[in-house]
Structures are given as structure tokens and as C-alpha cells.
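Observations on the three-dimensional arrangement
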Amino acid sequence: ELKVEQNPLFLSMQEEKNYTIYCNYSTTSDRLYWYRQDPGKSLESLFVLLSNGAVKQEGRLMASLDTKARLSTLHITAAVHDLSATYFCAAPPGGSQGNLIFGKGTKLSVKP
Amino acid sequence: DVKVTQSSRYLVKRTGEKVFLECVQDMDHENMFWYRQDPGLGLRLIYFSYDVKMKEKGDIPEGYSVSREKKERFSLILESASTNQTSMYLCASSLVGRGYTFGSGTRLTVV
């Protein structure tokens, strides 16, 4: 059974600092997704990582995937307040029809 | 722009009522999903459907049922609402093997 674990679950950062959110998954999965959720709102897609070594970047966020280590990272560069949100990673269990298993989310708070 | 529409943003229902949550997508996606989101528990899959009239139980199906009579619509039914079903309900859809598009969510309160 696939389990997806994120850490940290809470992250308080100062603006302009760098940090990394980690997403570990327990069984083989061929892709990994990152989502963002603002308070009181739904989830929006950030990145889809489809193969080992995949790297995607948008603005101050960069996501990578290491399928051998079963690890994805979401790196934040020079954080700004607008990045404050909860970030979820998700992976499909092997042989799934399309459902995803989500991590518990990392609540990021960027303070001046 | 692709859309997943949930019929209500906020609902208040009484214990024992039968509750219908509706979700409609306009992207011709095969897969549709219902999750509930609770603080500290993350997103938990209730049911999903990969085709019309097909349904699969997720991790927490007890107390819920679903209906998918048309490809674009996936309904979640609470047969007899209870206070422990107070939660944020999220609908999502996807093509096979692709990521999700989420609806805006329905915050249900059962009193």
C-alpha cells in the first residue's frame, strides 16, 4: 500500500531565505504531483514530474524527482509572502486507475 | 479554461438528512473523485469513478454513496448525515494517468 509522507508539516520562513520540502513515498510510483492550496480554497496544480531525474521550475519554486530514492523535493528560493500556502505532494499507487495518494501537506508561512 | 464545478460552496444540514453534493466537469475526463479534507488528516479518498456507472471505494466510503449516470457529473450522497461528516469536500477529475483538476470545494456543516 502506497504511503506518501511530507516533511516538515509546518514551515515558518523569513522572506529571502531558501528552504526545501521533502516528499517520500513508500512503493514504486512512476510520477509525482505537487499542488498548492491557499487558505479556504481548493487545490491547484503546480508540477507534474513524470520520470526519474525530472526537474520543473516556475518562479521561485523548483521540484525534482528521484524515483530510485522514492523522493521528491520542492525547493523554495528567496521566499516571498505570496508563497504562503499549504503544499501537497501526491503519487498514484501502482496499477491505479488514476487515483492519487496525497501527503498531509506542508503549511508554509513566509514572514517579513 | 477547464472547469470542475461543485454546486455549493457552503452547506448546513441537519443530522439524519440525506445530502447530495454535485460535481460537474466540462473536460470530458474519464476519472472523477471525491475527497474529504480535515485538519491534520489531509485529503482522504471517499469514492472514485473511472467511467459512467462505474465506481470504486476509496479509503473512507462508510456513510457515503456515489452516482455517475453521465460522464460529466459525479454525485456524492450522504445517506443520513452525521456530525462527524462535517468537513470540506473536494471533487476532482482527470484523464487516465494524468493529474487532477479540483473543484472549489464544498464546506459542509452537519448540526
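First things first, this report covers the structure right here in the doc. Here the structure is a predicted model, which is why all the values come from computation and not from measurement.

**A closer look at the overall build of chain B**
- A count of helices and strands for chain B gives 0 helices and 11 strands.
- Rg of the C-alpha trace for chain B: 13 Å, near the compact-globule value of 13 Å for 111 residues, within the 12% margin.
- Principal-axis analysis of the C-alpha atoms places the extent of chain B at approximately 35 × 25 × 25 Å.
- Considering chain B as a whole, with its 111 residues, one finds that 48% of them fall into the buried category.
- Sequence separation of at least 24 residues holds for 55% of the intrachain contacts in chain B that already meet a minimum separation of 6.
- Taking the average place of the 16 positive charges on the side chains of chain B and the average place of its 14 negative ones, the gap between the two points comes to 4 Å.

**Regarding the sheet that holds strand E7 (residues 64-70) of chain B**
Residues and elements named next belong to chain B.
- Strand order in the open sheet made by the 4 strands is E1-E3-E8-E7, with antiparallel pairing throughout. In this open sheet, the two edge strands, each paired with only one partner strand, are strand E1 (4-6) and E7. Direction aside, the axes of adjacent strands within the sheet are offset by 20° on average.
- Taken together, the 5 bridges between E7 and strand E8 (residues 73-78) define a ladder with antiparallel strand orientation. Bridged to Val66 within E8 is Leu76.

**Looking at the interface of chain A and chain B**
- Contact with chain A, which involves 14 residues of that partner, is made by 23 residues of chain B.
- Across the interface of chain A and chain B, roughly 1,500 Å² is buried in total on both sides, 56% from carbon and sulfur atoms.
- There are 0 salt bridges connecting chain A and chain B.
- Summed over the shared surface of chain A and chain B, the result is 6 residue pairs in polar contact (both at pLDDT 80 or more).
- No other element matches the 3 residues that strand E4 (residues 32-37) of chain A contributes to the side of chain A that touches chain B.
- Looking at the side of chain A that touches chain B, its residues break down into 6 nonpolar, 6 polar and 2 charged.

**Side note on the sheet that holds strand E7 (residues 61-66) of chain A**
Residues and elements named next belong to chain A.
- Judged by pairing direction, the sheet is antiparallel, and its 5 strands sit side by side in the order E1-E3-E8-E7-E6 without closing on themselves. The open sheet has two free edges, formed respectively by strand E1 (4-7) and strand E6 (55-58), since each of these has just one partner strand. Averaged over all pairs of adjacent strands, the angle between strand axes in this sheet comes to 15°, irrespective of strand direction.
- In this structure, E7 lies alongside strand E8 (residues 71-76), joined through 6 bridges in antiparallel fashion. The residue bridging Ala63 from the neighbouring strand is Leu74, located in E8.

So, how was this worked out
- Sequence order sets the numbering: in each chain, residues are counted from 1 along the sequence as written.
- Chains and ligands are labelled by the order in which they are written, letters from A for the one and numbers from 1 for the other.
- Local features in this predicted model are restricted to residues of pLDDT 70 or higher, and side-chain atom pairs are both shown and tallied only at a pLDDT of 80 or more, whereas totals for entire chains, interfaces and linings draw on every residue.
- Note that the side-chain values use all heavy atoms of the structure and ignore hydrogens as well as water.
- Helix numbers and strand numbers start at the N terminus; a helix is a DSSP run of H or I with at least 4 residues, a strand a run of E with at least 2.
- Radius of gyration here uses only the C-alpha atoms, and the compact-globule reference equals 2.2 Å multiplied by the residue count raised to the power 0.38.
- Burial classification: accessible surface area is computed with a 1.4 Å probe over protein chains only, and a residue below 20% of its type maximum counts as buried, one above 50% as exposed, and the rest as partly exposed.
- The contact definition used throughout considers only heavy atoms, calling two residues in contact when any of these lie within 4.5 Å.
- Here the positive residues are Lys and Arg and the negative ones are Asp and Glu; neither His nor the chain ends is included.
- Taken as the charge centre is NZ of Lys, CZ of Arg, CG of Asp or CD of Glu, depending on the residue.
- For two strands to be treated as a pair, DSSP must find no fewer than two bridges joining them.
- Only the stretch in contact is used when a helix axis is fitted, and all axes are lines through C-alpha atoms; the angle between N-to-C directions ranges over 0 to 180 degrees.
- We define buried area as the total accessible area lost by two parts upon association, computed with a 1.4 Å probe and summed across both.
- We define a salt bridge as a contact between a side-chain nitrogen of Lys or Arg and a carboxyl oxygen of Asp or Glu at a distance within 4 Å.
- Identification of polar contacts relies on pairs of N or O atoms within 3.5 Å, with a donor-acceptor requirement for protein atoms, meaning one able to donate a hydrogen and the other able to accept it, and with residues adjacent in sequence counted only if both atoms are side-chain atoms.
- All residues other than Ala, Val, Leu, Ile, Met, Phe, Trp, Tyr, Cys, Pro, Asp, Glu, Lys and Arg, Gly among them, are scored as polar; the first ten of these are nonpolar and the last four charged.

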